[in-house]
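Working through the structure, step by step
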Amino acid sequence: MSTDILYIWSSSPALSLAIWLVLIVTVLYLGRPHAHQLLRGTGRAVYGSARVAARSIRQLEQRVRERNRDVLLAMGREATEKAIEREFSRVHTLVARDLSQYPKLHRKLADTLQKVEADYHATTEDAPLAPAWAEVVDTLAALPRSGDPAMVKILDNIQEAVETSHQQTLAAYQKSSNERHRILNAMQPAWRALGTTMTKVQETITGLDERAKTIDRHMATYESMRKAEDKAVHALTASSVTQFFIASLVLVIAAFGGIINFHLIALPMSEMVGGASYIGSVRTSDIAALVIIMVEITMGLFLLEALQITRLFPMIGSLDDRMRKRMAIAAFTILVIFAAIEASLAYMRDLLALDREALAQSLAGAAIVEDKFRWVPSIGQLVLGFVLPFALAFVAIPLEAFVHSLRTVLGLVVVGALRTLRLAVRLGGGMANHLSKMLVNLYDIFVMVPLSIERLIKQYRAEAGQRRDDTAGEGRPSKAARRRQRNDEADDLAVDTREA
Amino acid sequence: MGGRVCGWALRLAAGILSAAALTGCGEPVNNSRAAFVLIDISSDYAGELQKAQTLTNYLLANLESGDSLGIGFIDNSSFTERNIIARATFDHRPSVTTRQKREVRAQLDAFVQRFRVPSHHSDITGGVLLASDYLNETKAGQRYLFILSDLHEDLPPWLNRSVGVNLEAIEVIAVNVKRQRRDNNDPQAYRQRLAGWQQRVEESGGQWRVVNDLARLESAVVLR
């Protein structure tokens, strides 16, 4: 069919092809202004649409970013409020525990001080031995003894009496000193008690001071969040992303724990619900094992919620304390029961595996070997079956962190995706614009022969016109042609400016 | 706002319920399996009884709770209850299944031990009829018929075996098809015998396979 079209003008393919070529080039030349308009118009339309779309995406991105910011700040405010509340609670505990006993402590301090003061007064030193006593004794000793014997005797008696008195006074002074030392010695425990009490007071005051500093820090953060400062938003974003990765990691570990738990109880569950029963293409025993694990995780969730360690369910958090306590006891009891069931199932699994192994050995014709330390894995499975449910129960904590940080991370991902989309749309629009320009030039390549002829004619006319202008002072292109050219140039310039 | 949320919740709940109802109403998948081992005890094949034990052990190791296994032998006339050596549908409890497997194995071992005199004829069609009845009765999702024979049918003159066999949805696997002395002289006869049985099985609605080496059984026959 296509070859028939080729030979429509002549039997010679070269001639026919040349005729077709001439015809096509002529048609292309005649349709050149319209084709140019079509190509440039399409390019500009695509570019304009892409700009509008990009602007819409940008607005959407802005809205998402603002929403993320609001969510982040709200979450941060909530977390800081909780932290401040917790600090105040600690301060309250500190005050209730230590400072409530302060009057007693104060009385104790005052008593100790009074006692110390009294003791101190009691230890006031008596006047030491008067120096005159020694002088009197020396004088009496220095008196000449060669005179009247009666006088000598009197003097000796006086000296003896004075010396006796001196000895007695010295003994009394020594006794008094000993008494004072005893009192000072007895003061030691009182001083120590005073020191201990003061240290205790200092510790309490220091603890309160530290709490006050922490509260101040939290309050500063809270204030920053309340003012919606960028610093606070960045800090919260970084914290959320970190929390997200840590929580994800812990959840993955928990998932592996769940898989181990599943394999531990899936086989023995078939003893209860039947090994030949299927729901769809999944064994009922597998589903039952999964349900048990899920129920354990749920009970752990309720337990931690009732203990107010997590706050995933506001309804549980708003229950009164007695109700929450009952709920915690119920959840813990169910958890213990399930753990016991799992332990027994794990043990049964070991027995079943042992039985199967024996059968497999006998089917293979091998002698059944009794393993000496077979009880070790049995006990291990029993303990693992009991412990794993409790370990899985704590999954609620990373789950809460994951759920809370997921909002931030999803928001960041959406913003990133929108930004990429906007960039792609802008790039597409720019490329379409450039492509249209390239196609216009490519079009001109096909019609370059008639275009060259046209240019020569124009040049000839221009020269002729110039000559006429020289003579008549006129010869400009028509107004319409000038306007069209100006419009085209202005359009291109505008597009180029926007692109820039 | 609350009304809209309620509406969404109701729609979601309705969707989940519909999906659950559709899933529940669907045809339940039949995952159970049934296998029947036919052992030829004619004079030409009686020496291969150990192969039957190996095959049975392989099946016992692979079948699970809810599956069925039957073992029968082919002799002068095979379409009777006495031709069944053992049969069991394994209990849904794995512990009971293990016990049943031991019993099946013990029954086959006892049969092999007390076997003395090979049969003169081999009524393979009768055995296949017996096995197909058993397999169809189990209503298992996958049905396998293992034939340990040289596939040389030698019917006594009084037996009428020109009846149709229902082998619909049964995979017939000829295991260890022993070549006879006259097959050595004329291999074409052996091939024709195999082709004849294949045609019979396929015309009866079954699928035909030959596994001559028991070591390749595991790779050739996958019990899904």
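1. Points about the overall build of chain B
What chain B contains, in helices and strands, is 7 helices and 6 strands. Taken across its 224 residues, chain B has 47% of its residues classed as buried. Restricting to contacts in chain B with at least 6 residues of sequence separation, those with at least 24 account for 79%. Working note: accessible area of chain B is about 11700 Å², and carbon and sulfur atoms make up 52% of it.

2. Structural notes on the layout of surface pockets
Residues and elements named next belong to chain A. Approximately 1000 Å³ is the volume attributed to the largest pocket. Where the lining of the largest pocket is concerned, the elements lending two or more residues are α3 (32-97), α6 (149-226), α7 (230-273), α9 (314-317) and α12 (396-446). At 10 residues, α3 tops the list of elements feeding residues into the lining of the largest pocket.

3. Overview of the confidence of the model for chain A
One rule of thumb: low pLDDT means the predicted coordinates there are not for detailed reading. With 91% of its residues at a pLDDT of 70 or more, chain A shows a mean pLDDT of 85. For chain A, per-element mean pLDDT is lowest for helix α14 (residues 479-499) of chain A, which scores 63, and highest for α12 of chain A, which scores 93.

4. Here we look at unusual backbone geometry
Residues and elements named next belong to chain B. Notably, L151 is not glycine yet its phi reads approximately 65 degrees, a positive angle. Tracing the backbone shows L151 in the loop between β4 (142-148) and β5 (170-175). For L151, a relative accessible area of 1% corresponds to the buried category. Of note in this structure, A169 is not a glycine but carries a positive phi near 60 degrees. Of note, A169 is situated in the loop between β4 and β5.

5. A closer look at the sheet that holds strand β2 (residues 68-74) of chain B
Residue and element names in this part refer to chain B. One open sheet accounts for 6 strands, arranged β3-β2-β1-β4-β5-β6; its pairing is mixed. Of all strands in the sheet, those with a lone pairing partner are β3 (84-89) and β6 (207-211), marking the two edges. Here the average twist between neighbouring strands, direction ignored, is 15 degrees. Note: strand β1 (residues 33-40) against β4, 7 bridges, orientation parallel. By the bridge assignment, L38 is partnered in β4 with I147. Lying on the sheet, helix α2 (residues 49-62) is in contact with β1, β2, β4 and β5; it crosses β1 at an angle near 175 degrees. Its contacts with the sheet place helix α4 (residues 124-138) against β1, β2, β3, β4 and β5, and it is angled at close to 165 degrees to β1.

Parameters at a glance
- Residues numbered from 1 in each chain as written.
- Chains lettered and ligands numbered in written order.
- Predicted model: local features only at pLDDT ≥ 70, side-chain atom pairs only at ≥ 80, totals over all residues.
- Heavy atoms only, no water.
- Helix = DSSP H or I, 4+ residues; strand = E, 2+ residues; numbered from the N terminus.
- Buried < 20%, exposed > 50% of the residue type's maximum accessible area, 1.4 Å probe, protein only.
- Contact = heavy atoms within 4.5 Å.
- Areas by Shrake-Rupley, 256 points an atom, 1.4 Å probe, with all protein chains shown as cover.
- 1 Å grid on protein atoms, 1.4 Å probe; cavity = no way out; pocket = protein on both sides within 12 Å on 5 of 7 lines; lining within 4 Å.
- Points joined across faces, edges and corners; volume = space filled by probe spheres on them.
- pLDDT = per-residue confidence, 0-100.
- Pairing = 2+ DSSP bridges.
- Axes fitted to C-alpha atoms, helices over the stretch in contact; angles between N-to-C directions.

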